[in-house]
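Coordinate inspection notes
Here is how the chains run, residue by residue.
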Amino acid sequence: MQSRYEVIEYLKGDGDSEIVVETEHILAPRPTFEHALQAAESASAAQLSKLGGGDVVVFLQRMHHNPDYVLDVSRKADEANWRQHNVQTGLFSADGDVGASATFNTASGSAQGDEQNEEFSIDELRERIKAMDNLLKEGEGIQGYKKCIEDSLLFENFRRENIHLSTTVADVATFLSGMPDDFVVHEFSTTYHKQWFTGDNASLFDYGDNQVTTTRPIPAGGYEVYRHFQKAEWVPCDYVAPPTTWRYTFESDEDVLHEAFFDPVDIDDAVGADGDSGVLQPDSFESEEGETVMERIAWQEGQVEMALSPATDLLDHRIDFIALDGSVALRLDFDDAVERVDEDVATLAWGVCVQPWSDGDLLMLRIAEGIPDDGVAAVNDEECLAALPEIIPAPEPTATTEPESTAQPMPEPTATPVP
């Protein structure tokens, strides 16, 4: 099926005064020639009604980028045919207007009201063409510059036609929590000149040798990052792909109650983390008793203390502190803890003679049920715990009694005779 268009003006480039659009392999086979002709006439009428009776703008690109539609014009480029830009019609209607005052809309052939639709006039289009010409002049003499501009624009076209790739979160994969640093979470078959992450979780991941690795053990949860990359052919014009959002998910075993980042720092004479110093996040967890907040974990003078608000029963549970290599650097059994409760804040204490962590360490803590048979024993150095001031539970209030009276009985009065 052919559609013919008279060329009013070539805004860029040149060619014949008439463009013939040859539409091929669009319609399903018909049983007879009459049926095929009727289907073609219906399709032609639908295209005319879509375009209206005014001027239209057509964008031509080299056929090798997308061979779905062919524009049969005399002008060739790099010995390749030209083709329509939009895979539906490639033409943008002026809604019946003609001349320089006409307004065109990129919605032709797509759903009206799409956020990606854009209106433009011929004058605005001329300005864009001029700006592009100036951009190309800036790179004169730079090897690969023009090809870089072309590739970057084609990539932007791809993004517009697949906008969901830029606006949705890409779930990469799910992994086990607490894996060591340098654990591979992503591998690429394509080599990029540069690739990096930004965002709050960017420091958790590193890119190198066509793969993404973790920089430390990561607790259970979903971690979103903004991914940036640059191909080698984009270097001459310094084009970088707009960021997309990726999410890496980590899951823990069923026996785990809570996991968190634990980055201790020096706090006066102690080494640990609380709400103001170091990192202890997420600092709250849910148990059968409700929400519990870890207000502080610190080591000082042979003792590890953990403050919980409110006091929470964690018998038959352990807390593991996991080092960068994924090993358990310290294990404490909640059954061994000495507890002090003050105004609904429970302070648990264990004897740990040797300082288990230092300012600047990157640890992960895990609270889970039981003591697994993994060769790691729970630490509780009673000699260090005993050397500290004794922790005395607050006394229970007792009922008050009336004090015994110490008053002496008064003597009985005696009768005095009346004279």
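Our structure's up above, just so we're on the same page.
Quick summary incoming for the structure in this document. (Residues numbered from 1 in each chain as written. Predicted model: local features only at pLDDT ≥ 70, side-chain atom pairs only at ≥ 80, totals over all residues. Heavy atoms only, no water.)

**Structural notes on the pattern of salt bridges**
Which entries qualify depends on this criterion: In what follows, salt bridge is the name for a side-chain nitrogen of Lys or Arg lying within 4 Å of a carboxyl oxygen of Asp or Glu. By the criteria applied, helices consist of DSSP H or I runs no shorter than four residues and strands consist of E runs no shorter than two, each listed in order from the N terminus.
Throughout the structure, instances matching the rule amount to 13 salt bridges. Taking the shortest distance from any N to any O, the salt bridge between lysine 12 and aspartate 133 comes out at 3.0 Å. Remark: aspartate 133 occurs in helix H2 (residues 122–138) and lysine 12 occurs in the loop between strand E1 (2–6) and strand E2 (18–22); sequence separation between them is 121 residues. Between glutamate 259 and arginine 366 there is a salt bridge, with the nearest N and O atoms lying 2.6 Å from each other.

**A closer look at the environment of aspartate 325**
The criterion, for reference: Exposed residues in this analysis have more than 50% of their type's maximum accessible area, buried residues have under 20%, and partly exposed residues fall in between, with area computed by a 1.4 Å probe over protein chains only. A contact between two residues is defined here by any heavy atoms of the two lying within 4.5 Å. Any pair of nitrogen or oxygen atoms within 3.5 Å is treated as a polar contact; in protein, a donor-acceptor pairing is required on top of that, and neighbouring residues in sequence qualify only through side-chain atoms on both sides.
By the secondary structure assignment, aspartate 325 is in the loop between strand E24 (317–322) and strand E25 (328–333). Judged by its relative accessible area of 53%, aspartate 325 falls in the exposed class. Separated by 143 residues in sequence, aspartate 325 and aspartate 182 have C-alpha atoms that sit 8.9 Å apart. Once residues lying within four places of it in the same chain are set aside, the contact partners of aspartate 325 are Pro180 and Asp181. A distance of 2.6 Å separates the side chain of aspartate 325 from the side chain of serine 327, its partner in a polar contact.

**Focus on the packing of H2 against helix H3 (residues 145–161)**
Condition: A fitted line through C-alpha atoms serves as each axis, taken over the contacting stretch for helices, and the angle formed by two N-to-C directions is quoted from 0 to 180°. Geometric relationships in this document are graded by angle, where less than 35 degrees denotes roughly parallel, more than 145 denotes roughly antiparallel, 65 to 115 denotes roughly perpendicular, and other angles denote oblique. Left-handed describes a crossing in which the near helix is turned anticlockwise from the far one by less than a right angle; the clockwise case is right-handed. Throughout this entry, Asp, Glu, Lys and Arg are counted as charged residues, while Ala, Val, Leu, Ile, Met, Phe, Trp, Tyr, Cys and Pro are counted as nonpolar. The remaining residues, Gly among them, count as polar.
Two elements in contact, H2 and H3, have axes separated by 9 Å at closest approach and are oriented at 140 degrees. Viewed along their axes, H2 and H3 adopt a mutual orientation that is oblique. As for the relative orientation of H2 and H3, their crossing is right-handed in sense. Contact residues: H2 offers Met132, Leu135, Leu136 and Glu138, while H3 offers Tyr145, Lys146, Ile149 and Leu153. Grouping the amino acids of the contact of H2 with H3 by side-chain chemistry returns six nonpolar, no polar and two charged.

**Quick look at the sheet that holds strand E20 (residues 279–281)**
Worth spelling out the cut-off: If DSSP finds at least two bridges between two strands, the strands pair.
Pairing within the open sheet is antiparallel, and its five strands lie in the order E20-E17-E28-E24-E25. At either end of the open sheet lies a strand with only one pairing partner, and these are E20 and E25. Along the sheet, successive strands turn relative to each other by an average axial angle of 20 degrees, direction set aside. In this structure, E24 lies alongside E25, joined through five bridges in antiparallel fashion. Looking at the pairing, phenylalanine 321 lines up with leucine 330 of E25.

**Structural notes on H3**
Residues three or four positions apart in an α-helix share a direction because the helix packs 3.6 residues into each turn. What counts here: To estimate the expected span of a helix, subtract one from its residue number and multiply by 1.5 Å.
With 17 residues, H3 should cover 24 Å at 1.5 Å per step; its first-to-last C-alpha distance of 25 Å lies within 8% of that length. Residues Tyr145, Cys148, Ile149, Asp151, Ser152, Phe155, Glu156, Asn157 and Arg159 constitute the buried set of H3.

**Some words on the state of the cysteines**
By definition, a disulfide links the sulfur atoms of two cysteine residues through a covalent bond. For clarity, the cut-off: Criterion for a disulfide: a pair of cysteine sulfur atoms within 2.5 Å.
Across all of its chains, the model carries two disulfides by this definition. Residue pairing for cysteine 148: its cysteine sulfur links by disulfide to cysteine 237, the two sulfurs lying 1.8 Å apart. On the sign convention where negative means left-handed, the S-S torsion of about -65 degrees between cysteine 148 and cysteine 237 marks this disulfide as left-handed. Pair noted here: cysteine 148 is in helix H3 and cysteine 237 is in the loop between strand E15 (221–230) and strand E16 (244–251), with a separation of 89 residues, a long-range link. With relative accessibility at 0%, the residue cysteine 148 sits in the buried group. Overall, cysteine 237 belongs to the buried group, its relative accessible area being 17%.

**Quick word on the sheet that holds E16**
Here four strands make up an open sheet; going across it, the order is E10-E16-E15-E12 and the pairing mixed. Lying at the two open borders of the sheet, with one neighbouring strand each, are strand E10 (170–176) and strand E12 (194–198). Ignoring which end each strand starts from, the neighbouring axes of this sheet average 30 degrees apart. Examined bridge by bridge, E10 and E16 share six bridges and lie parallel to one another. In the sheet register, phenylalanine 175 faces E16, and the bridge partner there is phenylalanine 250.

**A closer look at the pairing of strand E23 (residues 303–309)**
With five of seven residues buried, E23 lies mostly within the body of the structure. Here strand E22 (residues 290–300) pairs with E23 via seven bridges, running antiparallel. In the strand pairing of E23, glutamine 300 is matched with glutamine 303. Linking two consecutive strands that pair antiparallel, namely E22 and E23, is a turn of two residues; a positive phi of about 50 degrees is found at glutamate 301 within it. Strand direction decides the pairing type here: E23 and strand E27 (residues 345–351), joined by six bridges, are antiparallel. Paired with glutamine 303 across the two strands is glycine 351, which belongs to E27.

**Some remarks on the environment of leucine 204**
Its location among the elements puts leucine 204 in the loop between E12 and strand E13 (205–208). Along the chain, leucine 204 and proline 217 lie 13 residues apart, while their C-alpha atoms are 8.7 Å from each other. Apart from residues lying up to four places away in sequence, leucine 204 is in contact with Thr213, Thr214, Thr215, Arg216, Ile218, Tyr223 and Phe261.

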